[in-house]
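# Structural description and commentary
Here is what each chain is made of, one letter per residue.
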Protein chains: 2
Amino acid sequence: MKYSKQRELIQNTVLENRIHPTADDVYNMLKPIHTNLSLGTVYRNLNTLVENGTIIKISMPNGSDRYDGDLSKHDHMVCDQCGKVFDIKTEGLLNIVQKIENTTDFEVRDYQLMIHGLCHNCKESKG
Amino acid sequence: MKYSKQRELIQNTVLENRIHPTADDVYNMLKPIHTNLSLGTVYRNLNTLVENGTIIKISMPNGSDRYDGDLSKHDHMVCDQCGKVFDIKTEGLLNIVQKIENTTDFEVRDYQLMIHGLCHNCKESKG
DNA sequence: TCAATATTAATAACGGTTACTGTTATTAAT
DNA sequence: ATTAATAACAGTAACCGTTATTAATATTGA
Ligand SMILES: [Mn+2]
Ligand SMILES: [Mn+2]
Ligand SMILES: [Zn+2]
Ligand SMILES: [Zn+2]
């Protein structure tokens, strides 16, 4: 299937900017050059790309959903101060989840670990 | 500090119903008897109780926040079918998080594991 | 008793997201 | 090339969960 110009722009923006952008971030990155892009189009295509498995969506406890072009299984830390999202590799977490699945009658489909705290920069600028 | 009648009702509802109710759930449980209770009052007092450390709030990836009277550190599984939320004890997760904290310059304040899947009932009724 | 304070019910406003609508672009068949 | 069918678009209204505002009511304490 061939993609529309807009969908391609939106996909590339997520894939090339590994900052876990929100829909609004993507919109604001593209809007200056592609002046008649609509925010609704960004949301619609981000959802389509998630359904296609091209990108993933990260639900944030407070604030907008974020999108991620890194399809490898990984988790995230979010800085409560500046809102930046960082990738983490969680070796051993799968084992924990599998143990839970084995000791309950729950069928696991997916799981996410989210760590909250302060990033390096924000830790320094607080004292 | 003495609590208002409303706050006490709301607190008791969360503490006595360990189903991880939403604000709307709490409202709907109380409204039939306390006919002039306002949904805004439920939200406001739930927030106050969370600030006081009397209850905790669980952010759900899709849908409303849920509230929990169980203050012990634990995590949750949510059924993608029926939406029910189940408690899980995650032995070993703290170690994983501490290892991440030690190998990064991130200061961890809190963390949550959320597992998605199918509960026992919904697994059966699908085949 | 009376004023100061806290909390409420009701409702408007908000932020993020989705749904609708009429238009434009793409594709495939004549 | 013209047409018809389909897909995607821009623009915007509607939606949903939550928070903020406001005027009224309840509680406290001199
Ligand atoms: Mn990531
Ligand atoms: Mn719980
Ligand atoms: Zn930070
Ligand atoms: Zn279920």
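See the structure printed just above.
Treat the numbers as computed from the prediction; the structure is a model and nothing was measured.

On to the relation of the copies chain A and chain B. Its rotation angle being 180°, the transformation that places chain A on chain B also includes 0.0 Å of axial translation and leaves an RMSD of 0.1 Å. These values place the two chain copies in the arrangement generated by a two-fold rotation axis. Proximity to the rotation axis, assessed at the C-alpha, singles out Leu113(A) in chain A; its C-alpha lies 2.2 Å from the axis. Same-surface contact between copies: 100% of interface residues of chain A are shared with the interface of chain B.

With 35 residues of chain A at the contact, the number on the chain B side is 35 residues. Carbon and sulfur atoms make up 64% of the area that chain A and chain B hide from each other, which totals about 2900 Å². The interface formed by chain A and chain B includes two salt bridges. A salt bridge links Asp80(A) to Arg109(B); the nearest nitrogen and oxygen atoms lie 3.8 Å apart. Counting across the interface, chain A meets chain B through 13 residue pairs in polar contact (both at pLDDT 80 or more). Of all elements in the fold, only β3 (75-79), β4 (85-88), α4 (93-103), β5 (107-118) and α5 (120-124) of chain A reach the threshold of two or more residues within the side of chain A that touches chain B. Taken together, the residues of the side of chain A that touches chain B sort by class into 18 nonpolar, eight polar and nine charged.

Okay, the protein's contact with DNA strand D next. The full set close to DNA strand D counts 13 residues, and Ser4(A), Gln6(A), Thr41(A), Arg44(A) and Tyr43(B) are the nearest of them. One of the side-chain N or O atoms of Arg44(A) is found 2.3 Å from a phosphate oxygen in DNA strand D. Contact between DNA strand D and Tyr43(B): a phosphate oxygen at 2.6 Å from a side-chain N or O atom of the residue. Counting residues per element, the ones that place at least two in the surface near DNA strand D are α1 (5-16) and α3 (39-52) of chain A together with α3 (39-52) of chain B. Here the surface near DNA strand D gets three residues from one element, more than from any other, and that element is α3(A). Looking at the surface near DNA strand D residue by residue, the classes come out as two nonpolar, eight polar and three charged.

What follows concerns the pairing of β5(A). Two elements, β3(A) and β5(A), share four bridges in a ladder whose sense is parallel. In the sheet register, Cys79(A) faces β5(A), and the bridge partner there is Gly117(A). Here β5(A) runs beside strand β5 (residues 107-118) of chain B; their pairing, made up of 11 bridges, is antiparallel. Bridge pairing links Met114(A) to Gln112(B) in β5(B).

Looking now at the packing of aromatic side chains. Each aromatic ring pair is summarised here by two numbers: the centre-to-centre distance and the angle between the ring planes. Within the structure shown, the criterion is met by two aromatic pairs over all chains. Ring geometry for Phe86(A) versus Phe106(B): centroids 6.1 Å apart, planes at 70°, classification edge-to-face. With Phe86(A) in strand β4 and Phe106(B) in the loop between α4 (93-103) and β5, this pair bridges two chains. Lying over the aromatic face of Tyr111(A), Lys73(A) brings its terminal NZ or CZ to 4.3 Å of the ring centre. One Lys or Arg, Arg7(B), reaches over the ring of Tyr3(B) and ends 5.3 Å from the middle of that ring.

Quick look at unusual backbone geometry now. Not every positive phi belongs to a glycine, and His20(A) is a case in point at roughly 55°. His20(A) gets classed as buried once you look at its relative accessible area, which sits at 2%.

Definitions and limits used
- Residues numbered from 1 in each chain as written.
- Chains lettered and ligands numbered in written order.
- Predicted model: local features only at pLDDT ≥ 70, side-chain atom pairs only at ≥ 80, totals over all residues.
- Heavy atoms only, no water.
- Least-squares fit on C-alpha atoms with pLDDT ≥ 70 in both.
- Contact = heavy atoms within 4.5 Å.
- Buried area = accessible area lost by both parts, 1.4 Å probe.
- Salt bridge = Lys/Arg side-chain N within 4 Å of Asp/Glu carboxyl O.
- Polar contact = N/O pair within 3.5 Å; in protein donor to acceptor, adjacent residues only side chain to side chain.
- Helix = DSSP H or I, 4+ residues; strand = E, 2+ residues; numbered from the N terminus.
- Nonpolar A, V, L, I, M, F, W, Y, C, P; charged D, E, K, R; others polar.
- Near = heavy atom within 4 Å.
- Pairing = 2+ DSSP bridges.
- Phe/Tyr/Trp six-rings, centres within 6.5 Å; stacked < 30°, edge-to-face > 60°.
- Lys NZ or Arg CZ within 6 Å of the ring centre and 35° of its normal.
- Buried < 20%, exposed > 50% of the residue type's maximum accessible area, 1.4 Å probe, protein only.

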